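Residue strings, one per chain:
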Amino acid sequence: MGVLRYTLAGHINDHAAFSEIAARLAQDVEASEPETLAYEWFVNADADRFIIHEMYANDSAFVSHIMRAQENGNLDRLMGCTTIDAVDLLTEPADPEAAAILEGLGARVFQGIGGVVRV
């Protein structure tokens, strides 16, 4: 089981709530999820669109991240202030549970054709 990477993108419907949940989630991930290798939030110049880049050491780290976010309400808070319009897998999960979560989000799979990542 290898590294799982994806991006999640969409429209920001409530800027104040989005800023609050972005800070809360980033802080929680940094403190509690050592197998989350990258968790980066980006907004465009108009602050009406966002992209989140996530990278996990393995599929189980991703599943744990999603389960924690569901249990503590952070996933609902994020969905409540955004409209997700793209989930793009940069690596495919081997674990059926991770695959099912991403399929439920309508994830599109992209195949790597080259490049370098140094982690």
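First, a word on scope: everything that follows refers to the structure included in this document. Sequence order sets the numbering: in each chain, residues are counted from 1 along the sequence as written. For a predicted model such as this one, the threshold for reporting local features is a pLDDT of at least 70, and the threshold for listing and counting side-chain atom pairs is 80 or more; totals across whole chains, interfaces and linings nevertheless cover every residue. In computing side-chain values, all of the structure's heavy atoms are included and hydrogens and water are not.

1. Description of helix α3 (residues 74–81)
With a 1.4 Å probe rolled over the protein chains alone, any residue whose accessible area is under 20% of its type maximum counts as buried; one over 50% counts as exposed, and the rest are partly exposed. Helix and strand definitions here come from DSSP, where helices need a minimum of 4 consecutive H or I residues and strands a minimum of 2 consecutive E residues; each element is numbered from the N-terminal end. For α3, the complete set of buried residues consists of N74, L75, L78 and C81. Relative to the axis of α3, the buried residues are bounded by an arc of 140 degrees and lie together on one face. Projecting away from the buried face of α3 at angles above 90 degrees are the exposed residues D76 and G80. It only takes one pair of heavy atoms within 4.5 Å for two residues to be counted as in contact. The secondary structure elements touched by the buried residues of α3 are β1 (4–12), α1 (15–32), β2 (36–43), β3 (49–56), α2 (59–71) and β4 (82–89). What the arc covers is the set of directions going from the helix axis to the C-beta atoms.

2. Quick notes on the pattern of salt bridges
For this document, the term salt bridge refers to a Lys or Arg side-chain nitrogen within 4 Å of an Asp or Glu carboxyl oxygen. On inspection of all chains with the given rule, the structure shows five salt bridges. Its salt-bridge partner being R49, residue D85 comes within 3.0 Å of it at the nearest N-O pair. Placement of the pair is D85 in strand β4 and R49 in strand β3, with a sequence separation of 36 residues. Residue class for R49 comes out partly exposed when judged on its relative accessible area of 32%. Among the ionic pairs, R108 bridges to D88, the shortest N-O distance being 2.6 Å. Pair noted here: R108 is in strand β5 (residues 108–109) and D88 is in strand β4, with a separation of 20 residues, a long-range link. When its relative accessible area of 13% is taken as the criterion, D88 is described as buried.

3. A word on unusual backbone geometry
The backbone of A47 shows a phi angle near 55 degrees, a positive value even though the residue is not glycine. Taking relative accessible area as the criterion, A47 reaches 27% and is therefore assigned partly exposed.

4. Concerning the pairing of β1
Counted residue by residue, β1 has seven buried out of nine residues, so it is predominantly covered. Examined bridge by bridge, β1 and β3 share eight bridges and lie antiparallel to one another. From the neighbouring strand, T7 faces β3, where its bridge partner is H53. By the convention used here, strands pair only if DSSP detects at least 2 bridges between them. Here β1 pairs with β4 via seven bridges, running antiparallel. Paired with Y6 across the bridge in β4 is L89.

5. What to know about the sheet that holds β3
Ordered in space as β2-β3-β1-β4-β5, the five strands form an open sheet in which the pairing is mixed. For this open sheet the edge positions go to β2 and β5, each flanked by a neighbour on one side alone. Here α1 sits on the sheet in contact with β1, β2, β3 and β4, set at roughly 165 degrees to β2. For helices, the fitted axis covers only the stretch in contact; all axes are lines through C-alpha atoms, and the angles between them, taken along N-to-C directions, range from 0 to 180 degrees.

6. Section: the packing of α1 against α3
One can describe the packing of α1 onto α3 by two numbers: an axis separation of 9 Å at closest approach and a directional angle of 150 degrees. On the basis of their axis angle, the class for α1 and α3 is roughly antiparallel. Relative to α3, α1 is oriented so that their crossing is left-handed. Counting all contacts with α1, which are made through A17, F18, I21, R24 and L25, the residues of α3 involved are N74, R77, L78 and C81. In terms of residue class, the contact of α1 with α3 is made up of six nonpolar, one polar and two charged. Angles below 35 degrees are treated as roughly parallel, those above 145 as roughly antiparallel, those between 65 and 115 as roughly perpendicular, and all remaining angles as oblique. Should the near helix be turned anticlockwise from the far one by less than a right angle, the crossing is left-handed, and should it be turned clockwise, the crossing is right-handed. Side-chain classes follow a simple rule in which Ala, Val, Leu, Ile, Met, Phe, Trp, Tyr, Cys and Pro form the nonpolar group, Asp, Glu, Lys and Arg form the charged group, and the remainder, Gly included, forms the polar group.

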